[in-house]
Amino acid sequence: MKKSYIWLDGTIVPSELATISVMTHTLHYGTGAFEGIRCYATPKGPAIFRLSDHVERLLQSFSCFGVACPYSKNIIEQAIVDTIRINNARDCYIRPIIFFGSESLLLSPKNLSVHCAIIIINMDKYLGKEAIKVGISSVKRISPESMPVHNKINGYYVNSIFAYHEVKNRGFDEALLLDHDGNISEGSVANIFFVIDGKLKTPDIKSILPGITRASIIAIASKLGIEVCEQSLTIYDINKATEAFFTGTASEITPIKSIDNKKFSHSPGCITQKIQMIYHSVTNGTDTDFASWLYFI
Ligand code: PMP
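Rules of the game
Residues numbered from 1 in each chain as written. Predicted model: local features only at pLDDT ≥ 70, side-chain atom pairs only at ≥ 80, totals over all residues. Heavy atoms only, no water. Helix = DSSP H or I, 4+ residues; strand = E, 2+ residues; numbered from the N terminus. Rg over C-alpha atoms; globule rule 2.2 N^0.38 Å. Buried < 20%, exposed > 50% of the residue type's maximum accessible area, 1.4 Å probe, protein only. Areas by Shrake-Rupley, 256 points an atom, 1.4 Å probe, with all protein chains shown as cover. Lys, Arg positive; Asp, Glu negative; His and termini not counted. Charge placed at Lys NZ, Arg CZ, Asp CG, Glu CD. Contact = heavy atoms within 4.5 Å. Polar contact = N/O pair within 3.5 Å; in protein donor to acceptor, adjacent residues only side chain to side chain. Near = heavy atom within 4 Å. Right-handed = clockwise from strand over helix to strand, strands pointing away. Pairing = 2+ DSSP bridges. Disulfide = S-S within 2.5 Å. Phe/Tyr/Trp six-rings, centres within 6.5 Å; stacked < 30°, edge-to-face > 60°. Core = buried A, V, L, I, M, F, W, Y, C linked by side-chain atoms within 4.5 Å.

Okay, the overall build of the chain next. Check the secondary structure of the chain and you find seven helices and 17 strands. Radius of gyration (C-alpha) of the chain: 19 Å, near the 19 Å computed for a compact globule of 297 residues. For the chain, the C-alpha atoms occupy an extent of roughly 55 × 45 × 35 Å along the three principal directions. Across the 297 residues of the chain, 52% fall into the buried class. Accessible area of the chain: about 13800 Å², with a carbon and sulfur share of 54%. Computed over 29 positive and 28 negative side-chain charges, the inter-centroid distance for the chain is 4 Å.

Written as structure tokens, this is what we have:
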């Protein structure tokens, strides 16, 4: 297997040396923040998609613990670039994580050291190449009244894993979670869009992680002259939809062929295809309108 390198607290080390203590606070309580970022191979070299926005969200997510992160946005961005270079990676998935140290297992992390690691992995199409079958999970998305849901916090992903397992066991490919008011929220690791009456409709940000891909799709749709509505949506809206797709860094734009018993006659449908085409041309470096989203290495 190819040797891989990890950035850990300012030093790039072979992955087998990037080890931490079993006393790590984040291991016990899920107290950390992380990101998923993609880098794409383009004719002009590897390019990271929306690097600045991802690192900003990483630091913003971590800030909810009220503890300063010793690594600035510039340091983390440069570290990501350096880690991609040393791994000689092109098309890859980048996983930065900010986590607490192992000085104490008391609940509050306020007096603990703060660490950062950057891991590079290969990732092809996360949800496969075909349109997927989605099941509405009985597991509800964590409530904004319990957690700052806009942050990407490690511990939240137990909620995603439970929802995913529950629908997988019923034969679906991916979960759609409802919020505690019964409105549509999002997938286990992706936001959702519907095409209803020729418009794109997506849940408002109340109970979701406001995805960077979601924001990109909204910008692309407006360039295409497609109206986008961010609003409360219920399962009754699913029946009105003619197309649906998930968006996310790992999932990119994944067409949905059915949600529970509702089948979409075309997946990808025509609007999904148009958006997929532009998204693809942005990430392969041929689109000029959104060229500023790529950070070339
Ligand atoms: N929702 C959740 C719960 C996620 O984990 C992700 C993946 N980060 C998304 C939505 C999509 O976010 P993004 O487009 O920024 O990757």
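Attention now moves to the environment of His150. Relative to the assigned elements, His150 resides in the loop between β8 (132-136) and α4 (157-168). C-alpha separation for the pair His150 and Ile297, spaced 147 residues apart in sequence, amounts to 29 Å. The residues touching His150, leaving out its near neighbours within four places in the chain, are Ile205, Lys206, Ile208, Leu209 and Pro210. Among the polar contacts listed, one links the side chain of His150 to the backbone oxygen of Ile205, at a separation of 2.7 Å.

Attention shifts here to the site of the ligand. Taken together, 15 residues sit near the ligand, with Tyr157, Glu186, Ile212, Thr213 and Thr249 positioned nearest. Arg57 has a polar side-chain atom sitting 2.9 Å from an oxygen atom of the ligand. A distance of 2.6 Å separates a nitrogen atom of the ligand from a polar atom in the side chain of Glu186. Burial of the ligand by the protein amounts to 97% of the accessible area it has alone, namely 380 Å². Elements with a contribution of two residues or more to the shell around the ligand: α5 (212-223) and β14 (243-248).

Turning next to the pairing of strand β9 (residues 174-178). A large share of β9 lies buried, amounting to five of its five residues. Neither face of β9 is exposed, since Glu174, Leu176 and Leu178 on one face and Ala175 and Leu177 on the opposite face are all buried. Handedness of the crossover joining β8 and β9 through α4: right-handed. As paired elements, β9 and strand β10 (residues 184-187) share three bridges and run antiparallel to each other.

The next point concerns the state of the cysteines. Scanning the entire structure with this criterion turns up zero disulfides. Free cysteine Cys64: the closest other cysteine sulfur is in Cys69, separated by 12 Å. Judged by its relative accessible area of 35%, Cys64 falls in the partly exposed class. Of all cysteine sulfurs, the one in Cys39 lies closest to Cys92, which takes part in no disulfide; the gap is 4.5 Å.

In terms of burial, strand β4 (residues 37-42) is a largely internal element, five of the six residues being buried. Where β4 lies against strand β6 (residues 92-100), three bridges are found, and the strand directions are antiparallel. Looking at β6, one finds that Ile37 is bridged to Ile94. The hairpin formed by β4 and strand β5 (residues 45-49) contains two residues between the paired strands.

A word on the packing of aromatic side chains. Counted under the stated rule, the structure contains nine aromatic pairs. Grouped by ring-pair contacts, the aromatic residues Phe49, Tyr279, Phe290 and Trp293 constitute a single cluster.

Take the nonpolar core next. Grouped together as the largest cluster of nonpolar side chains are 38 residues, with contacts concentrated most on Ile48, Phe62, Ile76, Ile80, Ile84 and Ile94. Counting residues per element, the ones that place at least two in this core are β1 (5-8), β3 (32-34), β4, α2 (51-62), α3 (73-86), β6 and β7 (114-121). Ranked by residue count, the leading element in this core is β6, at six residues. In contact with Ile80, other than residues within four places in its own chain, are Ile37, Ile48, Leu51, Val55, Ile94, Pro96 and Ile118. Of all hydrophobic cores here, the second largest spans 21 residues; its members include Tyr40, Ile218, Ile220 and Phe290.

Right, let's talk about unusual backbone geometry for a bit. Of note, the amide linkage connecting Ser267 to Pro268 takes the cis form, showing an omega dihedral of 5°. Looking at where Pro268 falls in the secondary structure, it is placed in the loop between β16 (262-263) and α7 (270-283). Unlike most non-glycine residues, Asp9 shows phi in positive territory, near 50°. Along the chain, Asp9 falls in the loop between β1 and β2 (11-14). Phi angles above zero are rare outside glycine, and Asp260 is one such case at about 50°.

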